[in-house]
Amino acid sequence: AASFFSPIVRSSDALSPPTPSMAVTALGVCPLPPKRRRGCPWLLGFVVIALTHPLEGVDTGTDAVALSLSGALGSGSAPNASVFPRISGHIVPPMFTEVAGPKNTNKFWANWVVGEGARKPIYPMPFALQWRPHGDCQAGELTVSQGEPEYDYADGGSRIQRYSTPFVSEFALSTVEQLARGEHVVVAEGLFGIHVEVRGVERGGLTPRVMYPIFSGMAYVSCRYEGGLTPRLSSGPRSLSWIRKVHDGIWTFRNSAGKQFRVYALTMDHEFVDSSFDFDSSGVLNRPLDGWLRVALLDQPGDGAVLDAHARAILVDLDVQVLTRGVVNYDFVTASAPGVSLLHFAYAHHLKMMVGSGQELATLSPVRSPTKGNMRGVVGDSWRLAVDMSEAMSLGFLPAGELAPDRRTLLAEEALKTLEWFREDGNWRSTMLRKSYYFSGKGFQKVASVCLLVEEFFGLESNHTRECANILAKGFKCLYDRKHAGDCANAPDGSFYDEQWGGLPSMEGFFDRGCYGRTDFGNACYNDHHYHFGYFVVSAAILVKLTPSSATDVAFTSYINALIRDTANPSPTDPFFPRFRSFDWFDLHSWSRGVVPSVDGKDQESTSEELNLLYGIYLWGGVMHDPALKELGATMMSLCAATIREYFLM
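What counts, and at which threshold
Residues numbered from 1 in each chain as written. Predicted model: local features only at pLDDT ≥ 70, side-chain atom pairs only at ≥ 80, totals over all residues. Heavy atoms only, no water. Helix = DSSP H or I, 4+ residues; strand = E, 2+ residues; numbered from the N terminus. Rg over C-alpha atoms; globule rule 2.2 N^0.38 Å. Buried < 20%, exposed > 50% of the residue type's maximum accessible area, 1.4 Å probe, protein only. Contact = heavy atoms within 4.5 Å. Areas by Shrake-Rupley, 256 points an atom, 1.4 Å probe, with all protein chains shown as cover. Lys, Arg positive; Asp, Glu negative; His and termini not counted. Charge placed at Lys NZ, Arg CZ, Asp CG, Glu CD. Polar contact = N/O pair within 3.5 Å; in protein donor to acceptor, adjacent residues only side chain to side chain. 1 Å grid on protein atoms, 1.4 Å probe; cavity = no way out; pocket = protein on both sides within 12 Å on 5 of 7 lines; lining within 4 Å. Points joined across faces, edges and corners; volume = space filled by probe spheres on them. Nonpolar A, V, L, I, M, F, W, Y, C, P; charged D, E, K, R; others polar. Pairing = 2+ DSSP bridges. Patch = residues over 30% accessible without salt bridge, like charges linked within 9 Å, V, L, I, M, F, W, Y side chains within 5 Å. Salt bridge = Lys/Arg side-chain N within 4 Å of Asp/Glu carboxyl O. Disulfide = S-S within 2.5 Å. Core = buried A, V, L, I, M, F, W, Y, C linked by side-chain atoms within 4.5 Å. Axes fitted to C-alpha atoms, helices over the stretch in contact; angles between N-to-C directions. pLDDT = per-residue confidence, 0-100.

**Focus on the overall build of the chain**
Point 1. A tally of helices and strands in the chain yields 11 helices and 27 strands.
Point 2. In terms of overall dimensions, the chain is globule-like: its C-alpha atoms have a radius of gyration of 26 Å, near the 26 Å expected for 650 residues.
Point 3. The dimensions of the chain, computed from C-alpha atoms along their principal axes, are 85 × 55 × 50 Å.
Point 4. Relative to its 650 residues, the chain shows a buried fraction of 57%.
Point 5. In the chain, the proportion of contacts linking residues at least 24 apart, taken out of those at least 6 apart, comes to 68%.
Point 6. Only carbon and sulfur atoms are counted for the fraction: they give 51% of the accessible area of the chain, which is about 24000 Å².
Point 7. Separation between the mean location of the 58 positive side-chain charges and that of the 69 negative ones in the chain comes to 5 Å.

Next up, the structure:
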């Protein structure tokens, strides 16, 4: 069942008390007779998990070990070219990037790696960033917003209906010298952020440059100057009211809106610069700097000491390690002075999941992010999170518990009538083959759910179960072997393997503006893959349950593996797909929209369908006897459920 939740999230206090956890399962049946079921959501099976305080009963994970995921899902193999023809020439090609191989499409920075998005903001919470031209350089100034939300009220002003946080430039980082004509360049990317360079004019064989490491949760906006460039704190629309030196390498400035910020100048060795460096009243440093400039919000006077203490630890990379038993490690890589630990912002749900002694809460004022409420400063070069997976790991194919006898009789009758309707006039085709991946996928899972009920009531070896499983298998063959599948009218056109982005965009809409959303919700532009493909993954797991021999059908299993690799590839060594295209390991839920640029950044349109994919990965790992994949699915499902409860179920 598809439920579309607003991407607007509630303001969450990082120290709010936990609420009781809950797990809900449901199964609904349409009461209409089979002939009238075309427009009815009959026999919809769905599972909703909501773990709101995941640390209950969870230890610190001291004996958890890393899941072995490097070779998962055949990650060293190219997608079958007869099923996914290789192609280049995407209507929205990657631009302004030097990253080789597969590239992320659904992360917060995606605006900056497509042509139409270069002038749009990105959202590495708690900041929003946007380029502003300076001279001939289109990325000459990096403008920084740390704005306040604007509210719309309903019910006579008693209830917040929605809110938005406009982009307002508090300050900008730039150079006195004119930089080279053109745009920024992304030189590295990972799961949590990017390195971006803006380059100057080559002189004497050397190219001056400014490099910005940009990550979700960063406490400081940082840039590294090389090649004799002179830093400048720009203003507009808010002007620089004053700037005062606090100590060698440390300043405070205030803008015309009354916001104060701490500024740091560091050497390449990550030490504060000496007394010869100073800013003038217009925000220009008095001499070139080969080193780092960093800026942080100074919300309260007491925050200065905390920010000063950690200013010499600069985040340059961040990766995730998924361990057994619901444990996740964030491993921060820093460029830092000896003995200085990293300061990084955490969301409310991070704090509820943190275990162990590797991190501690900083005595720093909370910072409001554009969405998801307050963020709190955490000190430590690694974080350990733990989530209770027991509910996720207990899930089966059908809801737990026993049906009352009268209900069981009714459901058995309805399941058999529905199977009979599938048989009539080839109705299974009109249910499963509906041109688009999205609506076809929903049809596949409807049929698969009916097959599960038929097995439940009539047994695995009954003719009814075998017939239903065969229908499901025929539908899948129309996706991966259409040439030999018989009548596949109205099946999706298929998908390419896109050599530019590294993924499986639909053929329909690949060459035209339908990619932007008009055709199959923008599947060709990587929008909603985790919604669309989740239906097929769940259905495939059901087919293997009903027909175990299908687990040895390489054409079938490699097709499903490819769908999972496209949406949630866990392998860091896969040369064909980016890691975890949709899932954001910092926010702990997935993002939609793909490569289509948007001034509002990414969104999350359907929390239920995201969970459906993660549930499918869990089921697929189980039927394919891959315990690491099964546990990965359960871990992601549990993390995502906790996040959805925190921010989306308002």
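Read on, since the account is not over.
**Observations regarding the side chain of Gln 146**
Point 1. Secondary-structure assignment places Gln 146 in the loop between strand S5 (137-145) and strand S6 (150-154).
Point 2. Residue Gln 146 is classed as buried on the basis of its relative accessible area of 3%.
Point 3. Looking at Gln 146, its side chain comes within polar contact range of the main-chain oxygen of Arg 368, at 2.5 Å.
Point 4. In this view, Gln 146 contacts Pro 126, Phe 127, Val 168, Glu 170, Lys 259, Leu 297, Val 367 and Arg 368; residues no more than four positions away in its chain are not counted.

**Considerations on the layout of surface pockets**
Point 1. For the second largest pocket, the calculated volume is near 750 Å³.
Point 2. Lining the second largest pocket are 32 residues; nearest its centre among them are Tyr 123, Thr 371, Asp 600, Gly 601 and Lys 602.
Point 3. Residue contributions to the lining of the second largest pocket peak at three residues, all from strand S7 (residues 159-164).
Point 4. Along the lines of polarity and charge, the residues of the lining of the second largest pocket split into 15 nonpolar, eight polar and nine charged.

**Some points on the pairing of strand S14 (residues 240-247)**
Point 1. Note that S14 and strand S15 (residues 250-255) share six bridges and pair antiparallel. Residue pairing in the sheet places Lys 245 in a bridge with Trp 251 of S15.

**Considerations on the side chain of His 349**
Point 1. Positionally, His 349 belongs in helix H2 (residues 348-353).
Point 2. For His 349, a relative accessible area of 2% corresponds to the buried category.
Point 3. Side-chain polar atoms of His 349 contact the backbone oxygen of Asp 587, separated by 2.9 Å.
Point 4. Among all residues touching His 349, those that are not within four sequence positions of it are Phe 586, Asp 587, Leu 588, Thr 643, Glu 646 and Tyr 647.

**Comments concerning empty space enclosed by the protein**
Point 1. Counting across every chain of the model gives six cavities of 30 Å³ or more.
Point 2. Space inside the largest cavity adds up to approximately 90 Å³.
Point 3. If you go around the largest cavity, the residues you meet are Pro 213, Phe 215, Met 218, Ala 219, Tyr 220, Ser 222, Arg 294, Ile 314, Leu 315, Leu 342, Leu 343 and His 344.
Point 4. Listing elements by their share of the lining of the largest cavity, those giving two or more residues are strand S11 (209-215), strand S18 (313-322) and strand S20 (343-346).
Point 5. For the lining of the largest cavity, the class distribution of residues is nine nonpolar, two polar and one charged.

**A few points about a nonpolar patch on the surface**
Point 1. A cluster of nonpolar side chains, contributed by Tyr 151, Tyr 153 and Ile 160, occupies part of the molecular surface with about 290 Å² of accessible area.
Point 2. As for its placement among the helices and strands, Tyr 153 is situated in strand S6.
Point 3. For Tyr 153, a relative accessible area of 49% corresponds to the partly exposed category.

**Comments concerning the pairing of strand S12 (residues 221-226)**
Point 1. Strand direction decides the pairing type here: S11 and S12, joined by three bridges, are antiparallel. Residue pairing for S12: Arg 209 is matched across the bridge by Glu 226.
Point 2. Where S11 folds back on S12, the antiparallel hairpin that results is connected by five residues, among which Gly 217 adopts a positive phi of roughly 85°.
Point 3. Note that S12 and strand S17 (residues 291-297) share five bridges and pair antiparallel. Looking at the pairing, Ser 222 lines up with Arg 294 of S17.

**Re the state of the cysteines**
Point 1. For the structure on display, the rule yields three disulfides.
Point 2. The side chain of Cys 478 participates in a disulfide bridge whose partner is Cys 488; the two sulfur atoms lie 2.0 Å from each other. Judged by the torsion about the S-S bond (-80°), the Cys 478/Cys 488 disulfide is left-handed. On the criterion of sequence distance, the pair formed by Cys 478 in helix H7 (residues 463-480) and Cys 488 in the loop between H7 and strand S25 (497-498) is long-range, its members being 10 residues apart. Each member of the pair Cys 478 and Cys 488 is classed as buried.

**Looking at unusual backbone geometry**
Point 1. The amide bond that connects Met 125 to the next residue, Pro 126, takes the cis arrangement and shows omega of 15°.
Point 2. By secondary structure assignment, the location of Pro 126 is in the loop between strand S3 (86-87) and strand S4 (128-134).
Point 3. Although it is not a glycine, Leu 73 sits at a positive phi angle of roughly 60°.
Point 4. Checked against the element boundaries, Leu 73 lands in the loop between strand S2 (44-50) and S3.

**A word on the nonpolar core**
Point 1. Core analysis: the largest hydrophobic core is formed by 181 residues, its most contacted members being Leu 173, Ile 214, Tyr 330, Phe 476, Ile 560, Trp 585 and Trp 620.
Point 2. The residues contacting Trp 620, other than those within four sequence positions of it, are Leu 73, Val 537, Ala 540, Ala 541, Val 544, Phe 556, Thr 557, Ile 560, Asn 561, Ile 564 and Leu 629.
Point 3. Grouped together as the second largest cluster of nonpolar side chains are six residues, Met 211, Leu 266, Val 316 and Ala 335 included.

**Considerations on the sheet that holds S11**
Point 1. As summarised here, the arrangement of the eight strands in space is S9-S10-S11-S12-S17-S16-S15-S14, forming an open sheet in which the pairing is antiparallel. Looking at strand neighbours, the two that pair on one side only are strand S9 (185-189) and S14, the edges of this open sheet. Averaged over all neighbouring strand pairs, the angle between strand axes comes to 20°, with direction disregarded.
Point 2. Pairing between S15 and strand S16 (residues 260-267): five bridges, direction antiparallel. Residue Phe 253 lies in a different strand from S16, and its bridge partner there is Phe 261.
Point 3. Of the strands in this sheet, S15, S16 and S17 touch helix H1 (residues 303-310), which is tilted by about 20° from S16.

**A few points about the confidence of the model for the chain**
Regions with low pLDDT should not have their predicted coordinates read in detail.
Point 1. Mean pLDDT over the chain: 90, with 90% of residues reaching 70 or higher.
Point 2. Across residues 1-57, confidence stays below pLDDT 50; counting only partners more than four residues off in sequence or on other chains, it has 152 contacts.

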